[in-house]
Amino acid sequence: MSQTERQYRHVISLCKELFLKKNRDYGTAWRILRLPSLTDQIYIKAQRIRQLQETGVSRVGEGIVPEFVGIINYCVMALIQLQLADDSRMEIPTEELSTLYDRHIEETIGLLLNKNHDYGEAWREMRVSSMTDIILMKLLRTKQIEDNEGKTLVSEGVDANYQDMINYSVFCLIQLGQAQAEQ
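Trainee: How should I be thinking about the side chain of N116 in this particular structure?
Mentor: Within the secondary structure layout, N116 lies in helix α4 (residues 94–119). A relative accessible area of 11% places N116 in the buried class. In this structure the side chain of N116 is engaged in a polar contact, spanning 3.0 Å, whose partner is the side chain of W123. Not counting residues up to four positions away in its chain, the partners in contact with N116 are T4, E121 and W123.

Now the structure itself:
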C-alpha cells in the first residue's frame, strides 16, 4: 500500500467514524433530502472554507478541517442517495449504511489511484486554497447538471463530481495534517 493510500484510508476512517456516530444520534434523516439539497449543503461547507481561507476569522470557533470532513460525508450521502433512488426507506440499518459507505469509498479511492498514477501526485504540490476552488467549481458543475435534470452531452455525471470532491477534500485534509505535524 502506497503512502497516499495509507494517508487516504486514515482520513476516511476518521470521516466514517464521525458519519456513523452522527447516524446513531440522528439516524438517516438525511434520506429526506433531494440530491440538489445535498449539493447545496456541500456548497455551504465549501463556501465557508473559502471564506475562512480569505479572512482567517471564524466566529463559530470551528476551522476548516471539520468542513472538509463534512464535504466528504455529504458527498457519500449523495452517492448513497443516487444508488437508493428507487428505495423509499427513510431509515437504513447501520450495518447496511456502513457497507454502502465503504462501497462508495472503495469506488472513489479506485478513481483516485488511477488518476494519481496518471497525474503523478500533482495534488501534493497544489495549494489547499486551489483545491477548495476546484471543489467549488465541481459544485457549480453539479448544480448545472442537476438543473439540466441529469442530462449531459459529453460530461461525466454528478456521481463523478461527488467522487472528485471527496478526493480533493481528502487531499486537503492530508496536506493540512502534514502541515500541522510539521509545526
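Trainee: Help me understand the state of the cysteines, please; the structure alone is not making it clear to me.
Mentor: Applying the stated criterion to the full structure yields zero disulfides. The structure places no disulfide on C15, whose sulfur is separated from the nearest cysteine sulfur, that of C75, by 11 Å. For C15, a relative accessible area of 1% corresponds to the buried category. There is no disulfide at C172, and the cysteine sulfur nearest it, in C15, is 12 Å away.

Trainee: In this structure, what is going on with the pattern of salt bridges? I would like to understand it.
Mentor: Here the idea is simple: oppositely charged side chains can pair when their charged atoms come close. In the structure shown here, the tally under the stated rule is 16 salt bridges. For E17, the salt bridge goes to K21, with nearest N and O atoms at 3.2 Å. In this pair, E17 and K21 are both assigned in helix α1 (residues 3–26), four residues apart and thus about one turn of the helix distant. Taking the relative accessible area as the measure of exposure, E17 reaches 40% and is therefore partly exposed. By sharing partners, the salt bridges in this structure join E5, R9 and E106 into a single network.

Trainee: Explanation requested: helix α2 (residues 35–55) in the structure shown.
Mentor: Quick reminder: α-helices carry 3.6 residues per turn. Residues three or four places apart thus point the same way. Compared with the 30 Å implied by 1.5 Å per residue over 21 residues, the 30 Å span of α2 between its first and last C-alpha is a close match. Of the positions making up α2, those classed as buried are L35, L38, T39, I42, K45, A46, I49 and L52. Seen end-on, α2 carries its buried residues on one side only, within an arc spanning 150 degrees. Just beyond α2, the residue with positive phi is G56, at close to 70 degrees.

Trainee: Please explain the nonpolar core as it appears in this structure.
Mentor: Looking at soluble globular proteins, one finds that nonpolar side chains tend to be buried together. Ranked by size, the top nonpolar core spans 49 residues in total, and within it F68, I72, Y162 and I166 carry the most contacts. Among the secondary structure elements, those contributing two or more residues to this core are α1, α2, α3 (65–83), α4, α5 (128–147) and α6 (158–182). Examining the composition of this core, we find that eleven residues originate from one element, α3, more than from any other. If we skip the residues at most four places from it in the chain, F68 touches I49, V128, T132, I135, S169, C172, L173 and L176.

Trainee: Is there a simple way to think about the environment of T39 in this case?
Mentor: Note on placement: T39 falls in helix α2. Residue T39 is classed as buried on the basis of its relative accessible area, which comes to 0%. Taking the C-alpha atoms as reference, T39 lies 19 Å from D86; in sequence the two are 47 residues apart.

Parameters and conventions
Residues numbered from 1 in each chain as written. Predicted model: local features only at pLDDT ≥ 70, side-chain atom pairs only at ≥ 80, totals over all residues. Heavy atoms only, no water. Helix = DSSP H or I, 4+ residues; strand = E, 2+ residues; numbered from the N terminus. Buried < 20%, exposed > 50% of the residue type's maximum accessible area, 1.4 Å probe, protein only. Polar contact = N/O pair within 3.5 Å; in protein donor to acceptor, adjacent residues only side chain to side chain. Contact = heavy atoms within 4.5 Å. Disulfide = S-S within 2.5 Å. Salt bridge = Lys/Arg side-chain N within 4 Å of Asp/Glu carboxyl O. Expected span 1.5 Å × (residues − 1). Arc of directions from axis to C-beta. Core = buried A, V, L, I, M, F, W, Y, C linked by side-chain atoms within 4.5 Å.

Purely spatial values, then, with no claim about function.
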